[in-house]
Amino acid sequence: MRATVIHAPHDIRVEEVPDPSIQVSTDAVVRVLRACICGSDLWAYRGESARQPGQRIGHEFLGIVEEAGSEVRGLRKGDLVVAPFVWSDGTCDFCSEGLTTSCPQGGFWGSVGSDGGQGEAVRVPFADGTLVKLPAEAASDDRLLTALLALSDVMGTGHHAAIGAGVGRGSTVAVVGDGAVGLCGVLAAKRLGAERIIALGRHQVRTDIAKLFGATDVVAERGEAAVAAVRELTRGQGAHAVIEAVGTEQSMRTAVDITRDGGAIGYVGVPHGSGTGLDLGVMFDRNIALRGGVAPVRTYIPELLADVLDGTIDPSPVFDRTVGIEGVPDGYRAMDERTALKVLVKP
């Protein structure tokens with residue numbers, strides 16, 4: 001089959017690789033209908049996170065079950081399914097508590113020895129615990145299928161940030177980051193009943209999506225100017241809940257500075273750079289809480305799925321470019337150059 005591999009920074013290739021097959025009885029093989037490129041994939045692309053030459057890449061996909069192992073009980077050949085970006089057994093203590101990303105037997109697509117999502121098919125370990133079945137009729141609805149793909153990562157991650165930040169009815173929320181996760185954080189905050197949502201971003205195409213998703217205000221400034229602008233919008237107090245969806249030192253510092261005393265930050269931006277920008281003394285003095293991390297999206301998919309299916313939320317606008325499998329390297333370049341927000345892949 002054809003699949004995407006990374007050989008070195010800025011060296012993404014689509015190559016022939018062995019077809020996936022059932023290796024243990026709890027596996028399934030999924031033929032990919034939709035995949036995509038994540039902003040976090042760019043850290044490997046830019047050489048800021050290490051990868052072995054020839055390693056697979058990509059962690060967001062949905063598709064059709066082609067084969068199921070003998071111990072797979074909840075799925076069968078022909079089922080339409082979506083995969084969270086981490087596989088998990090669904091039975092351990094952490095899975096039972098909803099923290100599927102801490103499953104001792106879990107792992108990330110594209111890790112050494114595993115298939116990546118940006119290919120024609122994927123071997124899925126622990127299929128019953130990992131995959132979520134979708135309505136069969138969605139396979140013929142292009143817009144719905146695209147919206148459902150967002151459940152594999154960005155929508156669930158935005159939701160995790162909103163939950164971590166304590167977003168509730170009547171909240172004032174600020175969102176740091178105008179990538180797909182930040183935009184889904186806006187959508188998640190709106191879904192949870194936020195009254196005011198301040199989106200921080202400088203790219204009009206992206207802030208227009210933020211407004212579509214429920215942002216009431218846009219702050220285009222950065223750094224101290226952004227802090228001043230948010231403070232001005234909130235009577236000098238800051239936001240009750242802040243979503244941090246970038247992961248740099250500057251973005252985290254901005255998040256702390258725009259949080260209202262007694263408020264909380266939900267952080268989901270993959271950390272990268274020289275530090276975190278956190279001053280525990282400031283957070284202590286101002287009673288600011290910090291919650292977040294790797295989003296256990298498998299736990300969130302069922303409730304978010306219901307809202308996508310009934311039209312309550314539609315995250316599909318975050319996908320603004322579509323490529324076939326051979327166009328994946330161009331998709332990486334487009335996202336790296338910020339000429340695309342999030343690239344959809346149709347193998």
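Refer to the structure above for everything that follows.
In short, a report on the structure. (Residues numbered from 1 in each chain as written. Predicted model: local features only at pLDDT ≥ 70, side-chain atom pairs only at ≥ 80, totals over all residues. Heavy atoms only, no water.)

Description of the packing of helix α6 (residues 180-191) against helix α7 (residues 204-213)
Part 1: Between α6 and α7, whose axes approach to 8 Å, the crossing angle comes to 15°. Compared by their axis directions, α6 and α7 come out roughly parallel. By crossing handedness, the relation of α6 to α7 is classed as right-handed. Contact residues: L183, V186, L187 and K190 in α6; R206, I209, A210 and F213 in α7.
Part 2: Counted by class, the contact of α6 with α7 contains six nonpolar, no polar and two charged residues. (Axes fitted to C-alpha atoms, helices over the stretch in contact; angles between N-to-C directions. Helix = DSSP H or I, 4+ residues; strand = E, 2+ residues; numbered from the N terminus. Parallel < 35°, antiparallel > 145°, perpendicular 65-115°, else oblique. Left-handed = near helix turned anticlockwise from the far one by under 90°. Contact = heavy atoms within 4.5 Å. Nonpolar A, V, L, I, M, F, W, Y, C, P; charged D, E, K, R; others polar.)

Re the side chain of T207
Part 1: Topologically, T207 is positioned in helix α7.
Part 2: At 3.2 Å, the side chain of T207 forms a polar contact with the backbone oxygen of Q204.
Part 3: With near-sequence residues (within four places) excluded, T207 lies in contact with G201 and V218. (Polar contact = N/O pair within 3.5 Å; in protein donor to acceptor, adjacent residues only side chain to side chain.)

Regarding helix α12 (residues 328-336)
Part 1: When α12 is considered as a whole, its buried residues turn out to be V328, P329, G331, Y332, A334 and M335.
Part 2: Those residues of α12 that are buried lie in contact with β1 (2-8), β2 (11-16), α1 (41-45), β17 (321-324) and β18 (343-346).
Part 3: Within two residues after α12, R338 carries a phi angle of roughly 60°, on the positive side. (Buried < 20%, exposed > 50% of the residue type's maximum accessible area, 1.4 Å probe, protein only.)

Structural notes on the sheet that holds strand β15 (residues 259-267)
Part 1: Taken in spatial order, the six strands of this open sheet run β13-β12-β11-β14-β15-β16, and their pairing is parallel. Each having just a single partner strand, β13 (217-219) and β16 (289-292) make up the two edges of the open sheet. Going from strand to strand, the sheet's axes swing by 20° on average, the running direction of each strand aside.
Part 2: Here strand β11 (residues 172-176) runs beside strand β12 (residues 196-200); their pairing, made up of five bridges, is parallel. Bridged to T172 within β12 is R196.
Part 3: Relative to β15, helix α5 (residues 154-164) is tilted by about 155°, and along the sheet it contacts β14 (239-244), β15 and β16. (Pairing = 2+ DSSP bridges.)

Details of the sheet that holds β2
Part 1: Sheet architecture is open: three strands sit in the order β2-β1-β4, paired in antiparallel fashion. Here the strands that pair on one side only, and so sit at the sheet edges, are β2 and β4 (55-56).
Part 2: Bridge analysis of β1 against β2 gives six bridges, and the strand direction is antiparallel. Looking at β2, one finds that T4 is bridged to V14.

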